[in-house]
Amino acid sequence: MQVTELYLFKPYYLLMPRLNKSPWKKPLKNIYLFFLGGVLLLPGFLSFYEKSTVIRSHSIAQVVPASNPIVDSAQLTERKSLFELNLPGQLPLPGEDDWVAQRLLKENGALFVAQGNVVHPPSIIFANASDCATWQAQIKTRREFFNGIPIELQTEAMEALLRARKEAADKKLRITPRGRWAGRRSYRDTEKIWSRRVHSGLAFWQRRGKLSARESTRIRMLAPAGQVKEILQLEAQGLFFSMDFSKSVLYSGTAPGASQHISMLALDINESDQAAVRAILARHGWFQTVISDLPHFTYLGTTQDRLPTLGLKKTVKNRRVYWTPD
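Rules used in this analysis
- Residues numbered from 1 in each chain as written.
- Predicted model: local features only at pLDDT ≥ 70, side-chain atom pairs only at ≥ 80, totals over all residues.
- Heavy atoms only, no water.
- Axes fitted to C-alpha atoms, helices over the stretch in contact; angles between N-to-C directions.
- Helix = DSSP H or I, 4+ residues; strand = E, 2+ residues; numbered from the N terminus.
- Parallel < 35°, antiparallel > 145°, perpendicular 65-115°, else oblique.
- Left-handed = near helix turned anticlockwise from the far one by under 90°.
- Contact = heavy atoms within 4.5 Å.
- Buried < 20%, exposed > 50% of the residue type's maximum accessible area, 1.4 Å probe, protein only.
- Arc of directions from axis to C-beta.
- Polar contact = N/O pair within 3.5 Å; in protein donor to acceptor, adjacent residues only side chain to side chain.
- Lys, Arg positive; Asp, Glu negative; His and termini not counted.
- Salt bridge = Lys/Arg side-chain N within 4 Å of Asp/Glu carboxyl O.
- Pairing = 2+ DSSP bridges.
- Phe/Tyr/Trp six-rings, centres within 6.5 Å; stacked < 30°, edge-to-face > 60°.
- Core = buried A, V, L, I, M, F, W, Y, C linked by side-chain atoms within 4.5 Å.

Draft legend 1. Representation of the packing of helix H7 (residues 155-170) against helix H11 (residues 275-283). Their axes nearest at 9 Å, the elements H7 and H11 cross at an angle of 140°. Classified by the angle between their axes, H7 and H11 sit oblique to one another. Every pair of crossing elements has a handedness; the one defined by H7 and H11 is right-handed. Contacts between H7 and H11 involve Leu161, Ala164, Glu167 and Ala168 on the former and, on the latter, Ile280, Leu281 and Arg283.

Given below as structure tokens:
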């Protein structure tokens, strides 16, 4: 018997002479021994409990799949659609009250889910020419001349275009750029195209009596970036600013700083009316992503069957297939 056990039994030995003389000898003896047994068994019980708890905790942890982390409700509602879930994590999404940026993302945002080694723009719309130029200068690009027209694209996009052109040539077809603005555009380029559409549209709707001379002059005097909200509000009333005034200006020359051409992942071609050419481009990752912008193609760097998994929906219009954010 250990010293500790002798110490615990010591009161029993001291009390025994008195208990032998007491009429309560047997009941008191049983109570004391019961209490003493509990004290002796308690350490072993606690040790067993701790071990069993550890075992249970390990088995429970193994049941929870590592691939299903718990996400709070704020995270679940932050990005709702499949398209939004495929956007670059660092891309700032427009707030609920920023309907202009929301519209731009909806109409022109397909490039933000482009695959491969391409670089996505850091924002839906560049705030100014300086920010745009700084970003473009950091991107690896490749320049080629097509019929004497210099075209600059992100390297992967250009290489895919060259493969498409080779396949087209093997089939006696051509893929040629639609002018000097067919590929890369600067912020200033997008401003010039925008201003052409806006000034032409303001004059058209003023002649039709839909805009007063005062209102037309007020909008014309705004900086191009400041005109975007005004023009989109007029289009909501049916006053369109495309080249033929039949559709939104976003389908023929988007807001300054928001053009897909700034990303160097877009190209306008002359042969867009040929289904065979469109099919060749699609096989090499080039798709139409802006509805009704007929010559415009965007490099998405993947195959057509994968586009729905990126949150892009298929729209067929006049026998052309467009892929836009769902």
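Draft legend 2. View of helix H6 (residues 129-137). All of the buried residues along H6 are Ala129, Cys132, Trp135 and Gln136. Viewed along the axis of H6, the buried residues span an arc of 135°, placing them on a single side of the element. Turned more than 90 degrees off the buried face of H6, the exposed positions are Ser130 and Ala137. Its buried side turned inward, H6 meets strand E2 (149-154) and helix H8 (187-207). One side-chain oxygen at the N-terminal end of H6 lies 3.2 Å from the backbone nitrogen of Ser130; it belongs to Asn128.

Draft legend 3. Broad picture of the side chain of Arg197. Along the polypeptide, Arg197 turns up in helix H8. Of the buried charged residues, Arg197 lacks a salt bridge, with Asp293 as the closest side chain of opposite charge at 7.5 Å. Those residues within four positions of Arg197 in sequence are excluded, and the remaining contacts are Phe241, Ser242, Met243, Val249 and Ser252.

Draft legend 4. The pairing of strand E1 (residues 141-146), seen in detail. In this sheet, E2 lies alongside E1 in antiparallel orientation, the contact comprising six bridges. By the bridge assignment, Arg142 is partnered in E2 with Leu153. Connecting E1 to the next strand, E2, in antiparallel fashion are two residues, including Asn147 with a positive phi near 55°.

Draft legend 5. Quick look at the packing of aromatic side chains. Scanning the model with the defined rule gives four aromatic pairs in all. Here Phe126 and Trp135 contribute two aromatic rings whose centre-to-centre distance is 5.8 Å and whose plane-to-plane angle is 45°, an arrangement assigned as tilted. For Phe126, a relative accessible area of 5% puts it in the buried group. Considering the side-chain rings of Trp286 and Tyr299, the 5.5 Å spacing of their centres and the 55° angle between planes classify their relative orientation as tilted.

Draft legend 6. Just the pattern of salt bridges, in detail. One pass over the structure, following the stated rule, counts eleven salt bridges. Overlapping salt bridges, with partners in common, bring together Arg143, Glu152 and Arg184 in one network.

Draft legend 7. Molecular detail of the pairing of strand E7 (residues 320-325). For E7, the tally of buried residues reaches five of six residues, placing the bulk of the element in the interior. Pairing of strand E6 (residues 312-317) with E7, which is carried by six bridges, proceeds in the antiparallel orientation. Counted as the bridge partner of Leu312 is Pro325 from E7. Linkage of E6 to E7, two consecutive antiparallel strands, is achieved through a turn of two residues, within which Asn318 is found at a positive phi near 55°.

Draft legend 8. Layout of the nonpolar core. Ranked by internal contacts, the top residues of the largest apolar core, which has 58 residues, are Leu161, Ile175, Ile231, Phe241, Leu281, Trp286 and Leu312. Listing elements by their share of this core, those giving two or more residues are helix H5 (99-108), E2, H7, H8, helix H10 (224-235), H11, strand E4 (286-287) and strand E5 (296-299). Element by element, the count of residues in this core is highest for H7, at six residues. If near-sequence neighbours (up to four positions away) are discounted, Leu312 is found in contact with Phe83, Ala110, Val113, Leu300, Leu307, Trp323, Thr324, Pro325 and Asp326. Counting eight residues, the second largest nonpolar core, distinct from the first, contains Ala129, Cys132, Trp135 and Met264.

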